[in-house]
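Residue-level structural notes
Read off the chains here:
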Amino acid sequence: MSPAQLPAEIEIVDSHTGGEPTRVVIAGGPDLGSGNLLLRRERFRREFDHFRSAVINEPRGSDVVVGALLLPPEDPRCVAGTIFFNNAGYLGMCGHGTIGLLVTLLYLGKIQPGEHLLETPVGVVKTLVHDSETVTVENVPSYRWAEQVAVDVPGLGKVVGEVAWGGNWFFLVREHGETIALSNLDRLLEVTRRIKQALLDGGIRGPAGEELDHIELFGPADPAKADSRNFVLCPGGAYDRSPCGTGTSAKLACLAAAGKLAPGQRWRQESVIGSVFEASYQRQEGEKIIPQITGRAWVCGAGKLLFHSRDPFQQGIR
């Protein structure tokens, strides 16, 4: 496939992790060469972004779908390499997507239950496949970069949060006055989008100027089910139906930095739709932690996407 072209068809497997969909491209993807996944991701972005849009955007996809392009790894220890992408662009890491990808590889007969390494653009991730639907992900090193970060949000006033890395950059807010429930979805989307825009307008970014492209609100949960409930706004404007693997990692980093969660102590994170990840962490040198996230995924579709040269929306609705 050359730039600006699409194949006639590609093979995919769809799954959902706690309600959040993952679409794995298993055949027909662009040739990104070999070597470092960061460099291959940049080639994907530079030369084949139309492929991302065609796979993820309507009419074949939707704003909520996360794609995973299956690739040969550079590290021979890894069972596979992958680049995660969504309606807005490319992700460093994706927790729910990793769980969905491993369940997909098991479904395809490419792996068996047990430990497997997965290569991502932000590092090698260790996983443990328990059974046909349950996976534990040992995420990349995560940390809280800043606390008590205040931003003036039009219509909301001053909002205070923490900035943390969990494989993606997050702005985490505990005091927000909102009810985290599906019945309050429109309001939650409005509030988180306003916070995200205010961070951009205020020049509040990560340590190397990274956009804080995930906004995470926390609230109380039924203690019999979980320790906290969250609402996560993703980069493309959709919300995460799962408890968000990288977001849960960022939350663990904040709890660890504040001395509110001990190494090995279990944390149950509930999503806005009620699905739950179980998590814990181990300390690394310095302020970083190694989170472990356990969740469940189900394969819910397998087949082909077809691309017709005369289709005006062959490359998706952008």
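Residues numbered from 1 in each chain as written. Predicted model: local features only at pLDDT ≥ 70, side-chain atom pairs only at ≥ 80, totals over all residues. Heavy atoms only, no water.

**Some words on the layout of surface pockets**
By volume, the largest pocket is sized at about 410 Å³. For the lining of the largest pocket, the elements supplying multiple residues, two or more each, are strand E9 (143-153), strand E10 (157-165), strand E11 (169-173), strand E12 (214-219) and helix H5 (245-257). In the lining of the largest pocket, the residues fall into 8 nonpolar, 4 polar and 8 charged. Empty space within the second largest pocket amounts to approximately 260 Å³. Around the second largest pocket, the lining comprises 14 residues; the ones closest to its centre are Trp-165, Asn-168, Trp-169, Glu-210 and Asp-213. Within the residue set of the lining of the second largest pocket, elements represented by two or more residues are helix H1 (37-47) and strand E5 (90-91). Class assignment of the residues belonging to the lining of the second largest pocket gives a composition of 6 nonpolar, 3 polar and 5 charged. (1 Å grid on protein atoms, 1.4 Å probe; cavity = no way out; pocket = protein on both sides within 12 Å on 5 of 7 lines; lining within 4 Å. Points joined across faces, edges and corners; volume = space filled by probe spheres on them. Helix = DSSP H or I, 4+ residues; strand = E, 2+ residues; numbered from the N terminus. Nonpolar A, V, L, I, M, F, W, Y, C, P; charged D, E, K, R; others polar.)

**Description of the environment of Gly-245**
Tracing the chain through its elements places Gly-245 in helix H5. Take Gly-245: its relative accessible area is 4%, and that puts it in the buried class. As a C-alpha pair, Gly-245 and Glu-278 span 33 residues in sequence and 9.9 Å in three-dimensional space. Residues in contact with Gly-245, not counting those within four places in the same chain, are Gly-95, His-96, Phe-277 and Ile-293. (Buried < 20%, exposed > 50% of the residue type's maximum accessible area, 1.4 Å probe, protein only. Contact = heavy atoms within 4.5 Å.)

**Re the nonpolar core**
Counting 61 residues, the largest nonpolar core has Val-151, Phe-171, Ile-195, Leu-199, Leu-217, Phe-231 and Leu-252 as the members making the most contacts within it. The leading source of residues in this core is helix H4 (residues 185-201), at 7 residues. When neighbours within four sequence positions are excluded, Leu-252 is seen to be in contact with Leu-261, Trp-267, Ala-279, Ser-280, Tyr-281, Ile-289, Pro-291 and Ile-293. (Core = buried A, V, L, I, M, F, W, Y, C linked by side-chain atoms within 4.5 Å.)

**Some thoughts on the pairing of strand E7 (residues 123-129)**
Two strands pair when backbone bridges link them, and strand E6 (residues 114-120) and E7 are joined in this way by 7 bridges, in the antiparallel orientation. Among the inter-strand pairings, Leu-118 is bridged to a residue of E7, identified as Val-125. Remark: 2 residues form the turn of the hairpin made by E6 and E7, two consecutive strands paired antiparallel. Bridging between E7 and strand E8 (residues 134-138) involves 4 bridges; their strand directions are antiparallel. Within E8, the position partnered with Lys-126 by the bridge is Glu-138. Counted between consecutive antiparallel strands, the loop separating E7 from E8 contains 4 residues. (Pairing = 2+ DSSP bridges.)

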